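So the chains spell out like this:
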Amino acid sequence: MHEYSIVQALLERVAAEAHARRATSVHRLTIRIGELSGVEPELLATAYATFRERTICERAELDLRTIAARWECPDCGRAISRGAPLTCAVCARPARLAAGDEIMLDRIEMEVP
Amino acid sequence: MCDTCGCGDPEIVPVDVHDKILAGNDRIAAHNREHFQERGVTAINLMGSPGAGKTAVLEATARLAGRQRLGALAGDLATERDADRLCRAGITAKSITTGSACHLDADMVHHGLHHFPWRELDYLFIENVGNLVCPAVYDLGQVANVVALAVTEGDDKPLKYPVMFRKADLVLITKIDLLPHLPDVSLEAIVDALARVMPRPVSIPVSSRTGTGMDRWLRWLEQQRVTADYAARI
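Residues numbered from 1 in each chain as written. Chains lettered and ligands numbered in written order. Predicted model: local features only at pLDDT ≥ 70, side-chain atom pairs only at ≥ 80, totals over all residues. Heavy atoms only, no water.

(A) Broad picture of helix H2 (residues 54–64) of chain B. When H2 of chain B is considered as a whole, its buried residues turn out to be Lys-54, Thr-55, Val-57, Leu-58, Glu-59, Ala-60 and Thr-61 of chain B. Once H2 of chain B finishes, Gly-66 of chain B follows within two positions and takes phi at roughly 60°, a positive value. (Buried < 20%, exposed > 50% of the residue type's maximum accessible area, 1.4 Å probe, protein only. Helix = DSSP H or I, 4+ residues; strand = E, 2+ residues; numbered from the N terminus.)

Now the structure itself:
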């Protein structure tokens, strides 16, 4: 359940940003979680609901966007089908993960007096 | 303050961050990596399920490593059993007791280095907590990730835990001396599954008990040492 430690890191980061701008509360957080990031969105949302109490995020909605994994050839850009070997069928190059490993904080909407 | 009428309503300000949530961990990992680079210590993050044979592989490595100076930090929920086993095998070892934490993070490793003679080592093995999920998420400052996968775990594990195997630079397929007793498990199926989750699939079948494959594992370790280029792998 590393989702709890990820939420702790998220709350610390948001608190630092809010403090720097003298925000009184946070309305919404927008985060992106990739399919191959190793983070389970539902567990993360549960951990967030538990740990935001008595923090500046107490009333902040979590806008969690999940990103599907997308493998492609670094040379020709050809997409690798889901479940297929991660090598380009044409170029024989090892595939590159173009999307799907994100554990990102994109945006904080905060209330500034 | 509300811009329109000055009514005193607070203003909602959007702040674009676009940063990794684990940026703090990554900074400490980069710091660890710099330490290891400066002292020429090859740090390997060894992961795998509980009972995959991580400690046994290190014990067998110590028997064959000659004059190489080996050290290990062993992540363990509750005991010091792994560190004790490694010390008996001649490895300079210390436990990082994680309590309820299911993985090691860069800060735990950094603290583990205190009061530990890591500067005198050629190789530092960071034996992660037995778990095929959580440890994959945290950079520790290693030069390479190695995942131990025992044949007894079944050949579908790479497909079931793609995040862990995607991060692996090498998979050690362990306990291959048991293959004759496992009619439903085939080495070919494991290698095929790895090719579907690792873009550069590299695996070595080994048996810590019989020593099969240990020469290839030692050669692979030597290559990490020669080609160690920490900055390029962050």
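Picking up after the structure, the text goes on.
(B) Geometry of the pattern of salt bridges. Tallied over the full model, the rule gives 19 salt bridges over all chains. For the salt bridge of Asp-19 of chain B with Arg-13 of chain A, the shortest nitrogen-to-oxygen distance reads 2.7 Å. Here the residue Asp-19 of chain B occupies a position in strand S1 (residues 11–20), and Arg-13 of chain A occupies one in helix H1 (residues 3–20), the pair thus bridging two chains. For Arg-13 of chain A, a relative accessible area of 26% gives the class partly exposed. The salt bridge involving Arg-93 of chain A is made with Asp-75 of chain A; its shortest N-O contact spans 2.9 Å. Of the two residues, Arg-93 of chain A sits in the loop between strand S3 (70–72) and strand S4 (96–99) while Asp-75 of chain A sits in the loop between S3 and S4, which places them 18 residues apart along the sequence. By relative accessible area, Arg-93 of chain A is classed as partly exposed at 32%. Each of Arg-13, Glu-17 and Arg-21 of chain A together with Asp-19 of chain B takes part in a single network of salt bridges with overlapping partners. (Salt bridge = Lys/Arg side-chain N within 4 Å of Asp/Glu carboxyl O.)

(C) Structural view of the environment of Leu-11 of chain A. Residue and element names in this part refer to chain A. Among the secondary structure elements, Leu-11 is positioned in helix H1. Residue Leu-11 is classed as buried on the basis of its relative accessible area of 8%. Taking C-alpha positions, Leu-11 is 8.4 Å from Ile-56, a pair spaced 45 residues apart along the chain. Setting aside its immediate chain neighbours within four residues, Leu-11 contacts Tyr-48, Phe-51, Arg-52, Thr-55 and Cys-57. (Contact = heavy atoms within 4.5 Å.)

(D) Representation of the nonpolar core within the structure. Ranked by size, the top nonpolar core spans 42 residues in total, and within it Ile-6 and Val-26 of chain A together with Leu-124 of chain B carry the most contacts. Going through the elements one at a time, H1, strand S1 (25–34), helix H2 (41–51) and strand S5 (103–112) of chain A together with S1, helix H4 (106–113) and strand S5 (123–127) of chain B are the ones with two or more residues in this core. Per-element accounting of this core gives the leading share, 6 residues, to H1 of chain A. When near neighbours in sequence (up to four residues on either side) are disregarded, Ile-6 of chain A contacts Val-39, Leu-44 and Ile-103 of chain A together with Ile-21, Leu-22, Val-137 and Tyr-138 of chain B. The next biggest cluster of nonpolar side chains, apart from the first, holds 26 residues, and it includes Leu-46, Ala-83, Val-146 and Ile-204 of chain B. (Core = buried A, V, L, I, M, F, W, Y, C linked by side-chain atoms within 4.5 Å.)

(E) Molecular detail of the packing of helix H1 (residues 23–38) of chain B against H4 of chain B. Residues and elements named next belong to chain B. Put simply, H1 and H4 touch, their axes get as near as 8 Å, and they point 35° apart. Seen from above, H1 lies across H4 with left-handed handedness. Judged by residue contacts, Asn-25, Ile-28, Ala-29, His-31, Asn-32, His-35 and Phe-36 of H1 engage Ala-106, Asp-107, Val-109, His-110 and Leu-113 from H4. For the contact of H1 with H4, the class distribution of residues is 6 nonpolar, 5 polar and 1 charged. (Axes fitted to C-alpha atoms, helices over the stretch in contact; angles between N-to-C directions. Left-handed = near helix turned anticlockwise from the far one by under 90°. Nonpolar A, V, L, I, M, F, W, Y, C, P; charged D, E, K, R; others polar.)

(F) Fine view of the state of the cysteines. All names here are of chain A. One pass over the structure, following the stated rule, counts 0 disulfides over all chains. In this structure Cys-76 is not part of a disulfide, and its nearest cysteine sulfur, from Cys-91, lies 3.7 Å away. Exposure remark for Cys-76: the relative accessible area of 38% places this residue in the partly exposed category. Cys-88 takes part in no disulfide bond, and the closest cysteine sulfur, belonging to Cys-73, lies 3.7 Å away. (Disulfide = S-S within 2.5 Å.)

(G) Representation of the interface of chain A and chain B in the model. Tallying the contact residues gives 36 residues for chain A and 29 residues for chain B. When chain A packs against chain B, the two sides together hide about 2,800 Å² of surface, and 62% of this comes from carbon and sulfur. Looking at the side of chain A facing chain B, the largest losses of area belong to His-2, Leu-36 and Leu-86 of chain A, adding up to 17% of the total buried there. Linking chain A to chain B there are 2 salt bridges. At the junction of chain A with chain B, the criterion picks out 14 residue pairs in polar contact (both at pLDDT 80 or more). Among the elements of the structure, H1, S1 and S5 of chain A are those that each provide at least two residues to the side of chain A that touches chain B. The greatest single-element share of the side of chain A that touches chain B, amounting to 10 residues, is contributed by S5 of chain A. Residues of the side of chain A that touches chain B, tallied by class, amount to 20 nonpolar, 6 polar and 10 charged. The pairing of S5 of chain A with S1 of chain B spans 8 bridges and is antiparallel. (Buried area = accessible area lost by both parts, 1.4 Å probe. Polar contact = N/O pair within 3.5 Å; in protein donor to acceptor, adjacent residues only side chain to side chain. Pairing = 2+ DSSP bridges.)

(H) Region of the structure containing the sheet that holds S5 of chain B. Residue and element names in this part refer to chain B. Strand order across the open sheet formed by 7 strands is S4-S3-S5-S2-S6-S7-S8, with parallel pairing between neighbours. Looking along the sheet, the strands with just one partner apiece sit at the ends: strand S4 (92–97) and strand S8 (203–205). Taken pair by pair, the neighbouring strands of this sheet meet at an average axis angle of 20°, ignoring direction. Sheet topology places strand S2 (residues 42–48) next to S5; 5 bridges connect them, and they run parallel. Along S5, the bridge assignment pairs Ile-44 with Phe-125. Its contacts with the sheet place helix H7 (residues 187–195) against strand S6 (144–150), strand S7 (170–174) and S8, and it is angled at close to 160° to S7.

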